[in-house]
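# Observations on chain architecture
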Amino acid sequence: MKRGLRVLVGLACFFVMGLPVFSQPSTRSIATVNLDDFDSVGAQDYLYDGKKYSWDWGCTASRFILDGYPKLEYFDGIPNPLAQIKLGMDGDRKVLGVKVAYKRKGDNWFEVYPLKDDKPFEPVFTGTVSTLDFWVWGANYNYNLEVLVRDARGVVHVLKGSSLYYPGWKNIIVKIPTWIEQHSKLRSGPANMTFVGFRIRAAAEEYVDDFTVFFDEIKYTTNSLSNIYDGYELRHADFGDQEGGDSDDVKDGE
């Protein structure tokens, strides 16, 4: 019985080794893409679909914001773990800071978002995104941070980020739900998911007269080959009947 089993195993190995070897194309290429490190103000040179994009940052707030707020500024600084990674590298180390103050407690919130030509701007994610990763400085107030993304159908989703009830820097990682549609087969409208911005909301009973937050190093993890196929470049083929820009262009916010 054992001898027969050895013979069968030997024959199986012979046929497997005798088969020709074919190269299998990879459909996975996991990459970490830097959206903005805030070190090069207005010069991110974010690469998407062969083009480079840069932007500023803007901020808007709910109705009870005090006059003169929100205030948005860049400051010298960096979280300690990132300082060790960038040790010896040239260039400035900056972070984005926002300060708000409201007339009264209640449902108070503000949003921080990319801005281009004085209009909201939505950088397009490359590939299929699994996580969004960024650093946020908390002032130990009971405020909550949310991430806003727009799916390939044009619907904005609000993703839970983190409580900011802690002091100093914290690395926050937000998972992108698999049910969010990140790619569209339609030639018109948004082709891929875009980054809309951050929303920070105060707890109803928390102090609202003096709140400050800082951001640094926004990046994301993506399967960059997930929607690349043989002949991908032909999706921009011009038959002479298109008016306006490419449907895959980076989207201005609505």
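Before reading further, recall that the structure is shown in the block above.
To keep things clear, this report deals only with the structure shown in the data block. (Residues numbered from 1 in each chain as written. Predicted model: local features only at pLDDT ≥ 70, side-chain atom pairs only at ≥ 80, totals over all residues. Heavy atoms only, no water.)

Further remarks concern the pairing of strand β8 (residues 119-122). Two elements, strand β7 (residues 109-116) and β8, share two bridges in a ladder whose sense is antiparallel. Bridged to K116 within β8 is K119. The loop that links β7 with its antiparallel partner β8 comprises two residues; one of these, D117, has a positive phi angle of about 55 degrees. (Pairing = 2+ DSSP bridges. Helix = DSSP H or I, 4+ residues; strand = E, 2+ residues; numbered from the N terminus.)

Right, let's talk about the nonpolar core for a bit. Ranked by size, the top nonpolar core spans 46 residues in total, and within it F110, F134, V147 and F215 carry the most contacts. Element by element, the count of residues in this core is highest for strand β14 (residues 211-223), at five residues. For F110, the residues in contact, after removing those within four places along its chain, are C59, T60, A61, V98, V100, Y102, F198, R199, I200, F211 and V213. (Core = buried A, V, L, I, M, F, W, Y, C linked by side-chain atoms within 4.5 Å. Buried < 20%, exposed > 50% of the residue type's maximum accessible area, 1.4 Å probe, protein only. Contact = heavy atoms within 4.5 Å.)

Tracing the backbone shows Y166 in the loop between β11 (156-163) and β12 (167-175). Taking the C-alpha atoms as reference points, Y166 and G138, separated by 28 residues in sequence, lie 5.4 Å from one another. Residues within four places of Y166 in sequence aside, it is in contact with V136, W137, G138, A139, N140 and I172. A polar side-chain atom of Y166 sits 2.9 Å from the main-chain carbonyl oxygen of V136. (Polar contact = N/O pair within 3.5 Å; in protein donor to acceptor, adjacent residues only side chain to side chain.)

This paragraph deals with the pairing of strand β6 (residues 94-100). With six of seven residues buried, β6 is to be regarded as a mostly interior element. Both strand β5 (residues 71-76) and β6 contribute to a ladder of six bridges, which runs antiparallel. Its bridge partner being in β6, Y74 is matched across the sheet by L96. The pairing of β6 with β14 spans five bridges and is antiparallel.

Quick look at unusual backbone geometry now. Following Y69, the chain continues into P70 via a peptide bond in cis, with omega recorded as 0 degrees. Position of P70 among the secondary structure elements: in the loop between β4 (56-61) and β5. Residue D117 is not a glycine yet carries a positive backbone phi of 55 degrees. Turning to its location among the elements, D117 is positioned in the loop between β7 and β8.

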